[in-house]
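Structural description and commentary
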Amino acid sequence: MTPNLVYVVIVGVLFAAGVAMLLERSLTRVLMGMILLGNGVNLLILLGGKAGAPPIVGAANEADMADPLPQIMILTAIVITLGMTAFLLALAYRSWAVDGHDEVQDDVEDRRIMRLAETDQGSGTEDDR
Amino acid sequence: MLAILLLHALAALIAPVLIRFIGNRALYLLALVPASAAGWAVLNPGSVAATYRWVPHLDMDLALRSGPLPWLMLLIVGGVGAVVLAYCASYFPPGDPGLGRFAAVFLGFAGAMTGLVLSDDLLLLYVFWELTTVFSYLLIGHKPEQAAGRRAAMQALVVTTAGGLAMLAGFVILGHGAGTYRWSEIAESPLPAGSTTAAVLILAGALSKSAVFPFSFWLPAAMAAPTPASAYLHAASMVKAGVFLVGLLGPALAVTPAWQPVTVAAGAVTLLLGGWAALRQHDLKLLLAYGTVSQLGLLTVAFGAGSRAAALAGVALLLAHALFKATLFLVVGVVDKLTGTRDLRELSGLGRRMPALAVVAGLAVASMAGVPPLAGFVGKETLFAAFEHDPLILAALLAGSVLTVAYGLRFLWGTFATKPAMDTTAAPRPPLALAGPAAVLALAGLAVGVGAPALDRALTPYVNLWTGTTGHLALWHGLGLPVLLSVVVLLGGAGIFVAQHRGLRVPEQRLPTADGVYRRVMAAIDRAAVEVTGATQRGSLPFSLGAILLVLVMMGATTLLLSGFRPGGIRLWDTPLQLVAGVVVVAAALIAARARRRLTAMILVGVCGYGVAVLFVLHGAPDLALTQFLVETVTIVMFVLVLRRLPRRFSERPLRGTRWIRMAVAVATGAVTSAMAYVAVSGRLAVPVSVGFPGPAVAFGGGHNVVNVALVDIRAWDTMGEISVLVVAATGVASLIYQRSAALQRRRAEQTVPARTGPSRQAGWLLAGESHESIILQVVARLLFHTIVLFSVYLLFSGHNAPGGGFAGGLVAGLALTIRYLAGGRRELNAAAPVDAGLVLGTGLLIAVGTGAAALVAGGQVLQSALVDVTLPLIGHVHFATSACFDVGVYLIVVGLVLEILRSLGGELDRQHAAAETSDAPTERREKELV
Amino acid sequence: MTVIAVLVTSLLALGAGLALIRVVRGPSILDRVVATDVLLAVVVMAIAAEAAFSRDATGLPILVVLSILGFTGAVSVARFTAAPAPARADETTAPRGRR
Amino acid sequence: MTWLVPLPVVMPLIGAALTLMMAGRPRAQRTVSLTVLTATVLVSAALLGLTTTGGSMVVTVGGWAAPLGIVLVADQLAALMLVVSSTMTVCVLVYSIGQGMADGHEETPLSVYHPTYLVLTAGVTNAFLAGDLFNLYVGFEILLVASYVLLTLGGTENRIRAGITYVVVSLLSSVIFLTAIGLVYAATGTLTMAHLVERLDALPDGLRLMLQGMLLLAFGIKAAVFPLSSWLPDSYPTAPAPVTAVFAGLLTKVGVYAIIRTETLLFPGGRAAVVLLILALLTMVVGILGAVAQSDIKRLLSFTLVSHIGFLLFGVGLTTRLGLSSAIFYVVHHITIQTTLFLATGLIEKRGGSTALDRLGGLARLSPVLAVLFLVPALNLAGIPPFSGFIGKLGLVQAGAADGGVLAWLLIAGGLATSLLTLYAVARVWNLAFWRVPHASTPARSPLPPLMVGSTLALVALGVGLTAVAGPLFEIGDQAAGGLLERSGYVEAVFGATR
Amino acid sequence: MSAVLDVVAAACLVAGAILSLSAGVGLVRFPDLLSRMHAATKPQVLGLLLVLLGCGLRLRDVVDVTTLILVAVFQMATAPVAAHMIGRAGYRAGMARTDLLVTDELAPAGDRVSG
Amino acid sequence: MRGLRGRWRDRAVAAAGLTVIWALLWGSFTPLTMLGGALVAVVVLTVFPLPPVTYAGRVHPLGVLRFAWRFVRDLVVASAQVSALAFRFGHVPRSAVIAVPLRVPSDLGLTLTAEALSLVPGSLIVEADRESGVLYVHVLGVRDAAGAERFRRDVLDLERRIVHAFGSPAERRAIKEPPT
Ligand code: NA
Ligand code: NA
């Protein structure tokens, strides 16, 4: 198959933009990055199937039809993304309600150990009491 | 033999129960268990083997084999074990809550030790080996309140396990090379490749177990264990395991180059250092512990030297040491129990108060010192004889023996002597139950000495496994060098004792103490752990994601380079309209990534989604476009519902410093993904399987819309999974927003309130009234609502032949509800859909999955569909696929999802916000503010 | 018809481009919403026009959906974001959480 | 008897539907959940028996033969995984009922627990049975979304924080998985794994390596392979004990299962074996060092979880029959033991009021039962013989020795060192939490609910029982490994299956 | 007949497209939100109707024509609502530029108005 | 008291209307379609009960035609005007917010008037006061007070046309009375 350049470029841009947002701290931004990535993946899947007439038997010649299988995968992915978006939004809201912001926080324990590492200390869990 | 092991296991399990019911006397009963092992050995002096399958694939079976050396060990393990258990009955106070546990672990240990000496399969041997380590750990920590005791237990555990693991690696090398793990078979065939490495690794295990230099330090620390346990584990049995292994494997492995130098050197050093350290101890138990270390070194030298005579001496000393050292520990136990101290500086005049005990101890020390006619003498004589022609080793042995005599005397003097300027220590007479077991062991030492020739005969088969000069066990070898040396040793030892008594200070050895090494190693591991963890576990989500993406980029780039792909061809587009839509998508995405305000970003992401929907249309995917438009719309509504509560702008970025890194990762990810897509598409040769879809879709699926038929029939299993995802997502939204059962119950009560009846102009037929609700929107919403729902049903049923289907239909119906909610808030929503979302979701899932299960019940495959064609009078031809039922389930689930979203993110957030605004009842948020 | 198609496509693309500019420029959310609405209308026109040119009606359900539900997004934004005090108060009413 | 094959997925889903409709009636929900999951165990056991005696069982869903439709494939490996995982779910369910998690009191929100838990089970079983790459993705999604809900149950500050990390990383892994599937389809035009066998073989090496890399990456995140693992210790420990337990037991193993399946079936020949082995070594060592640095039992166990994934990869990376069968054995062991340990930790939390090591002490005296419930699986985890952890590891060491390469020996060394440090880590927990004098905050009396103790005890016994049945279990693992290496059997079973 | 219909259809399509372009131009050019809304939301209604008409003239199938009629009706029912909601929100947010207003009869009544 | 009967009538009308829409969607008027449509309509109306609103009006075909014609004419003319404004560079159009008190302020009448007014370019409803029945309209291109007054009259004309097309007898009577 010969790839469609427009798709190739859009996929790249959607992935780049999505990743850029994903690497941020605000959960709503991360979520939007995920949505962009989702769109990018969908187009990537679409790229793997032939374009053509809608795959409706009778409305078009079978040979001219677009490949239906990527469409099925994408449909599933779109709907799953919807569910995930709803969940993440609820999560963002709860995060805001609990913390007063929707920022992704660093793990406290990990930070503690990083401080120990920076100050060249041990784990402090030796049995000495 | 297996029966003995099982008996031990059983006894260990019932010991706590038994002790709870009949008290300390139960120990006498339990002592019969190890005694039975010794008894079995007495009855079966020859070679006995038995094999039971366990894990044949790993060549690890319960292969047991008794031979001369195991036989002797069995006698020690069983005999001493029985005696010590009997001793424990009086040693522990009645009703000691820890006794049940102690007895269980003790018996477990005895069983493991028995198994260890009987194992023919090396892997099985390792199994028992590790078990003894664990039981030892638990016994050392019998009184775990002191940090020192716990640390000692840990030290013993770590050191012996480390050695054990090395040994395991050695076993695997041997076993893999030889093609079998049965020692009896390995020993009879030529050594496989890698045996030298194996030998070194095995020695690491053996020497660490026997506390030989440089692993000696754990044993003195292990004296935190109750004294009977020390007597058994750390004198008689467990520490002998390493020596036993050297003795067992030596006949075959001693030919490897490292074997003899390592064993002899390490043994000799241990002998001297241990003896030296023992001289400096004040705690009687520690004195004995260092003495044990020293003696283990001696044994290692004996078994490691690799000659018949030395091995014979080794066996004799092994037995002798077990007897006299266990005796001495039991004696210390008695003293400790009766006086409350083990410090020889606090003890005085005990010899007069406990003469019998003093005699017993004297007997044991004499054996240790090599005084005829005791077992120790027999062994040591033979040993001197074996090394007659090796002056260097002989000198070390002599020095060690001299030290042994010295600390032996120090022990006797320290325990029993009446010291000037000290009161006689107050103590009751030791009861027979305590002194008896010690006496038994001491007398056994005497018996062995006297019965040396018999022992010699019994051990001949073992000794013959070795090469070199043969020695003999006898009380009298004739006048020769050995006897002379014995005399020298006794005199030298006495001399040192006297000198020390007169004030000679024994300087502390300046060799690096291995204990320090252990501490440093563990501290280094701890530091390494902190450093590595601090470097790899940053606890930051962007870091975790960045790591994953970097791997993606590197992996993608590498494989792309490896693929050596030459661009074959490229098309710009299928239709130029794709470019138009593409520009919109790209622009929206790029600007969204830079947006500072949440809603702006959201709108741009939405535009991007609409653009993708247009691309779907252009691609020939109307079903996708339809769904995408609907999903984007629902998404925007959801975002608005949540974002209305959140700050308008994204918060200030704490990540500014890493901005360029993130940009680079983003661009690289995009580029690599594009390239991979390009390469993958270009690489396609075969025809896709989906060319086979259209025909069967009509013939068997009963629909013309291939995508929909695939969704509800050909790939309905995927769809079933997908709707489960939706169900759970909806549930999760409720879970996060409502949190508590009570809140959800309140909601249920609210939503079942019937819609207001009767038009009432004054109250308004609309529930509206708040300033942000619009009459125009409300009227239009109500006018359109049923039409939209009808349209959703149309989409549901037309979907089989045209764009549409359960997903699209459900989303449309959900949006109808959304419009009602937007118009009139949650009360309007409840009026429109007075039903619990969970019920809708459950019903939908039941219908969809039930359709699949029904096909199963009907004798088809799961989710198999049937076509129904009926011609009804007046009405016409009805064509129906049962998969439509499945689609109804899908429809309901999507409706349920949207309903749940509206109730939770819409209505409940309204309520929470209103409550927070108006009431002085503190909400959760306000409480947080105060904190 | 091809010429017409190209002409119509170009006009619609131009309209979409201008709308996109307003989406990007704002300045207010409502401006962006209005512009998005226009974009959506252009999409409807484009799909209808495409159906007209190719005489292929499979896209019509999409048109129904967009015509009856396309306003939902705009309404939800307008309803919740720019409404008076309660919903507009964002930074000020947001609780100060522990950082 | 192929009708049995879809049941491990269908039954929990029906249960989920019913429990959703029974919101607010915990007793009924409990009955349904227990019934359904017990039935799933029985069906799984039947499948294991049938596949062991009669070979793989294949169902063409909806009667659509491969490669058109979706196939569910129950071979020995899948059946074994089903048995183990469904057994875990039953025990954990009983435990959570004992804790009151499932009933609506204490920290328990709503009636979402049962339906979500059942869907989680369905996702896991679906992933094991999937014979279609995209369906595998769907299975993952099911179990993931259910896990998101369970992890954030109650919506407390810590769980939200941890939940965000977990959800976002998982979403990224899903995106990567989906991308991989898109690429695979673009290159081959098919999704049925049995069909991919032939079509992937026809692709040029570089392209195939790319597809393999993408799939490995996706599964590697789910399996928590270093350096893709840092999310796990930050997220698992905050969940309620039974949730953490079932996650630790099952979810990463589903990732490992996917790695085993795809590496053996789709990409045989060990092209990426070296990479796998290196990752295995790093995962073991970095993971266990992480455990050593921790001061909280749950976190410590999470790190051991990561670390021991390295053992599994070791077996897979060796690509030999012994390596695979040992990895399979080790999976069974690890699922059981890691689940047990997290449940025991839940009991520790219940008894001692905390899982932080500096707030615990004296538990051995305060609760001897608890001491046994922790110590036995802890030693098992550390690979102390004769427990199953040792047996699995022994298999891996033997397989490594058989390989004989430098890397293999490095891995043996790393594996043994990891064992030792695992022992050190759990022994430290024992020393501090069980042996030390009780902490001031430890309640003098705090009875443990019998259901919690009972279910944990059952799992402890099961873990010990693995030692007794190690021979037959290894035999099954060996046969399964044989089936994996002999691909044609799988392919023929799939294409030979008709309605 | 068919050719005539096609020509009419083409004219409708082009006219509709021009109106859509004018909406875009107005959107970019007009000074404040409310003016932009006039430009944006109104020509597109007519433009859309024209395009739908053109489409119907080309497709001619009963199913399609009835569908297009529904589309037109729905569009006319919903477009004003969106415009009203946005306009109202804009006005309330003070985005009507008072310097361009000849008169503002809502300002004094503003507080009393109920939905 | 026209409660119960009126509600049944409403339901019947709604069901009929939905059935027609169903037929339009399928583009077929066969018995199967109509019956199916009726069935679906009844189900939809049962599951989602109608809001308690009664439409008391009658549709007057002639009035409807008259209204439609004026509407289309206004639409075309006004669209052209606004488009022209858009392309007239350099000109900044002025506008006004005008209050129009309707004479028959039923919810439905108010909404229909607002809708029709909205669709005609150049006017935009910024507020609708339900209690007093006043529409506040933003009008583009108004230059002075006279223009505002002219616009107010136009709106009232529009209202009259709508009532003549769709209104109940009472409303038709009300609209004939001169504005107070
Ligand atoms: Na996971
Ligand atoms: Na996991």
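Before any of the text, the structure's been laid out above.
An account of the accompanying structure is given in this report. (Residues numbered from 1 in each chain as written. Chains lettered and ligands numbered in written order. Predicted model: local features only at pLDDT ≥ 70, side-chain atom pairs only at ≥ 80, totals over all residues. Heavy atoms only, no water.)

As for the overall build of chain D
A tally of regular secondary structure across chain D gives 20 helices and two strands. Against the globule reference of 23 Å for 499 residues, chain D gives a C-alpha radius of gyration of 21 Å, in line with a compact fold. Expressed as lengths along the three principal axes of its C-alpha atoms, the size of chain D is roughly 70 × 55 × 40 Å. For chain D, the proportion of its 499 residues judged to be buried stands at 77%. Within chain D, contacts between residues at least 6 apart in sequence are counted, and of these 81% link residues at least 24 apart. If you sum the accessible surface of chain D, you get close to 10,900 Å²; carbon and sulfur atoms cover 66% of it. Positive and negative side-chain charges of chain D, numbering 24 and 20 respectively, have mean locations separated by a distance of 10 Å. (Helix = DSSP H or I, 4+ residues; strand = E, 2+ residues; numbered from the N terminus. Rg over C-alpha atoms; globule rule 2.2 N^0.38 Å. Buried < 20%, exposed > 50% of the residue type's maximum accessible area, 1.4 Å probe, protein only. Contact = heavy atoms within 4.5 Å. Areas by Shrake-Rupley, 256 points an atom, 1.4 Å probe, with all protein chains shown as cover. Lys, Arg positive; Asp, Glu negative; His and termini not counted. Charge placed at Lys NZ, Arg CZ, Asp CG, Glu CD.)

Description of the overall build of chain A
The helix and strand tally for chain A stands at four helices and zero strands. When its helices and strands are written in sequence order, chain A yields α-α-α-α. Expressed along its principal axes, the backbone C-alpha trace of chain A runs to roughly 80 × 35 × 25 Å. Here chain A holds 129 residues, and the buried ones make up 78% of them. Sequence separation of 24 or more characterises 46% of the internal contacts of chain A that already satisfy a separation of 6 or more. Accessible area of chain A: about 2,900 Å², with a carbon and sulfur share of 53%.

Observations concerning the interface of chain B and chain D
Contact residues are listed per partner, giving 114 residues for chain B and 126 residues for chain D. By the criterion of area lost to chain D, the three top residues of chain B are His57, Trp717 and Gln861 of chain B, representing 7% of everything that side buries. For the interface between chain B and chain D, the tally reads two salt bridges. Arg715 of chain B serves as the salt-bridge partner of Asp132 of chain D, at 2.7 Å between the closest nitrogen and oxygen. (Buried area = accessible area lost by both parts, 1.4 Å probe. Salt bridge = Lys/Arg side-chain N within 4 Å of Asp/Glu carboxyl O.)

Examining the packing of aromatic side chains
The final tally for this structure, using the stated rule, is 41 aromatic pairs over all chains. Between Tyr91 of chain B and Phe92 of chain B the ring centres are 5.3 Å apart and the planes differ by 90 degrees, which places this aromatic pair in the edge-to-face class. With a relative accessible area of 13%, Tyr91 of chain B lands in the buried category. The interplanar angle of 35 degrees and the centroid separation of 5.8 Å between the aromatic rings of Phe140 of chain D and Phe219 of chain D together place this pair among those described as tilted. Of this pair, Phe140 of chain D sits in helix 5 (residues 133-151) while Phe219 of chain D sits in helix 8 (residues 205-223); the two residues are 79 residues apart in sequence, bridging distant segments of the chain. One aromatic cluster is present, formed by Tyr87, Tyr91, Phe92, Phe102, Phe106, Phe109 and Tyr232 of chain B through successive ring pairs. The aromatic ring of Trp413 of chain B is capped on one face by Lys419 of chain B, whose charged end is 4.8 Å from the ring centroid. In this structure, Arg659 of chain B is placed above the aromatic ring of Trp660 of chain B, and the distance from its NZ or CZ to the ring centre is 5.6 Å. (Phe/Tyr/Trp six-rings, centres within 6.5 Å; stacked < 30°, edge-to-face > 60°. Lys NZ or Arg CZ within 6 Å of the ring centre and 35° of its normal.)

Here we look at the packing of helix 3 (residues 68-99) of chain A against helix 30 (residues 716-738) of chain B
One way to put it is that helix 3 of chain A packs onto helix 30 of chain B with a least axis distance of 9 Å and a crossing angle of 10 degrees. One way to sum up the angle between helix 3 of chain A and helix 30 of chain B is to call them roughly parallel. Contact residues: helix 3 of chain A offers Leu75, Thr76, Val79, Ile80, Gly83, Met84, Ala86, Phe87, Ala90, Leu91, Tyr93 and Arg94 of chain A, while helix 30 of chain B offers Glu722, Val725, Leu726, Ala729, Gly732, Val733, Leu736 and Ile737 of chain B. Partitioned by chemical class, the residues of the contact of helix 3 of chain A with helix 30 of chain B number 15 nonpolar, three polar and two charged. (Axes fitted to C-alpha atoms, helices over the stretch in contact; angles between N-to-C directions. Parallel < 35°, antiparallel > 145°, perpendicular 65-115°, else oblique. Nonpolar A, V, L, I, M, F, W, Y, C, P; charged D, E, K, R; others polar.)

With respect to the interface of chain E and chain F
Taken together, the contact pairs 45 residues of chain E with 50 residues of chain F. Buried area between chain E and chain F, summed over both chains or domains, comes out near 4,000 Å², and the portion from carbon and sulfur atoms is 67%. Counting across the chain E and chain F interface gives three salt bridges. The partner of Glu127 of chain F in a salt bridge is Arg92 of chain E, and the shortest N-O contact between them spans 3.1 Å. In this assembly, chain E and chain F are joined by eight residue pairs in polar contact (both at pLDDT 80 or more). Sorting elements by how many residues they give to the side of chain E that touches chain F places helix 4 (residues 62-92) of chain E first, with 15 residues. Partitioning the side of chain E that touches chain F into residue classes produces 26 nonpolar, eleven polar and eight charged. Across two bridges, strand 1 (residues 101-104) of chain E lies against strand 1 (residues 95-101) of chain F in parallel orientation. (Polar contact = N/O pair within 3.5 Å; in protein donor to acceptor, adjacent residues only side chain to side chain. Pairing = 2+ DSSP bridges.)

Overview of the sheet that holds strand 1 of chain F
With mixed pairing, four strands are arranged side by side in an open sheet as 1(E)-1(F)-3(F)-2(F). The open sheet has two edge strands with one neighbour each: strand 1 of chain E together with strand 2 (123-129) of chain F. Pairs of neighbouring strands in the sheet enclose a mean axial angle of 25 degrees, with direction left out of account. Here helix 5 (residues 145-166) of chain F sits on the sheet and contacts strand 1 of chain E together with strand 1, strand 2 and strand 3 (134-140) of chain F; the angle it forms with strand 1 of chain F, its principal contact strand, is near 40 degrees.

Some thoughts on the pairing of strand 1 of chain F
Residues and elements named next belong to chain F. Across the seven residues that make up strand 1, a large majority, six, are buried. Pairing analysis gives seven bridges linking strand 1 to strand 3, with the strands arranged antiparallel. Paired with Ile98 across the strands is Val137, a residue of strand 3.

Quick word on the coordination of the sodium ion (ligand 2)
When a metal holds four donors in a tetrahedron, each ideal angle between them is 109.5 degrees; when it holds six in an octahedron, the ideal angles are 90 or 180 degrees. All names here are of chain D. Protein coordination at the sodium ion (ligand 2) comes from Tyr236 (OH) and Thr252 (N), with a distance range of 1.7 to 2.8 Å. The metal-metal distance between the sodium ion (ligand 2) and the sodium ion (ligand 1) is 3.7 Å. Residue Tyr236 is found in the loop between helix 9 (231-235) and helix 10 (241-265), and its partner Thr252 is found in helix 10; the two are separated by 16 residues along the sequence. Classification of Thr252 by relative accessible area gives buried; the value is 0%. (Donors = N, O, S within 2.8 Å, 3.2 Å for Na, K, Ca; no water.)

Brief notes about the side chain of Arg79 of chain C
Position of Arg79 of chain C among the secondary structure elements: in helix 4 (residues 71-81). In terms of polar contacts, Arg79 of chain C uses its side chain to reach the backbone carbonyl oxygen of Leu822 of chain B, at 2.5 Å.

Details of a nonpolar patch on the surface
Where nonpolar side chains cluster on the molecular surface, the patch consists of Leu5 and Val9 of chain A together with Ile570, Leu572, Trp573, Leu579 and Val583 of chain B and spans about 560 Å² of accessible area. Looking at the nonpolar patch, the elements with two or more residues in it are helix 1 (5-22) of chain A together with helix 24 (577-594) of chain B. Position of Trp573 of chain B among the secondary structure elements: in the loop between helix 23 (541-563) and helix 24. The partly exposed category is assigned to Trp573 of chain B, whose relative accessible area is 32%. (Patch = residues over 30% accessible without salt bridge, like charges linked within 9 Å, V, L, I, M, F, W, Y side chains within 5 Å.)

Looking at helix 3 (residues 76-99) of chain D
An α-helical turn contains 3.6 residues, so any two residues separated by three or four positions project in the same direction. All names here are of chain D. In this model, helix 3 (24 residues) spans 34 Å end to end at C-alpha, consistent with the 34 Å of a helix rising 1.5 Å per residue. A large share of helix 3 lies buried, amounting to 23 of its 24 residues. Two residues or fewer after helix 3 comes Gly100, characterised by a positive phi angle close to 85 degrees. (Expected span 1.5 Å × (residues − 1).)

Some details on the pairing of strand 1 (residues 57-60) of chain D
All names here are of chain D. Of the two faces of strand 1, the one holding Met57 and Val59 and the one holding Val58 and Thr60 are both buried throughout. Relative to strand 2 (residues 71-74), strand 1 runs antiparallel, the two sharing four bridges. Note on strand 2: the bridge partner recorded for Val58 is Val73.

Re the pattern of salt bridges
All names here are of chain D. Counted by the stated rule, this structure contains 44 salt bridges over all chains. Between Arg208 and Asp201 there is a salt bridge, and its shortest N-O distance comes to 3.9 Å. With a relative accessible area of 9%, Arg208 lands in the buried category. Overall, Asp201 belongs to the partly exposed group, its relative accessible area being 36%.

Things to note about the side chain of Thr28 of chain A
In this structure, Thr28 of chain A sits in helix 2 (residues 27-47). Polar contacts involving the side chain of Thr28 of chain A include one to the side chain of Asp102 of chain A, which spans 2.8 Å. Among residues more than four places away in sequence, those in contact with Thr28 of chain A are Ala92 and Asp102 of chain A together with Arg598, Leu643, Leu646 and Phe650 of chain B.

Comments concerning unusual backbone geometry
The peptide bond linking Phe213 of chain B to Pro214 of chain B adopts the cis configuration, its omega dihedral lying at 5 degrees. In this fold, Pro214 of chain B is placed in the loop between helix 8 (195-209) and helix 9 (218-221). Cis rather than trans, the peptide bond between Ala66 of chain D and Pro67 of chain D has omega equal to 0 degrees. Within the element layout of this structure, Pro67 of chain D appears in the loop between strand 1 and strand 2. In this model, Asp120 of chain A sits at a positive phi of 55 degrees, which is unusual for a non-glycine residue. Owing to a relative accessible area of 53%, Asp120 of chain A belongs among the exposed residues under this scheme. Even without a glycine there, the phi angle at Ala224 of chain D is positive, about 65 degrees.

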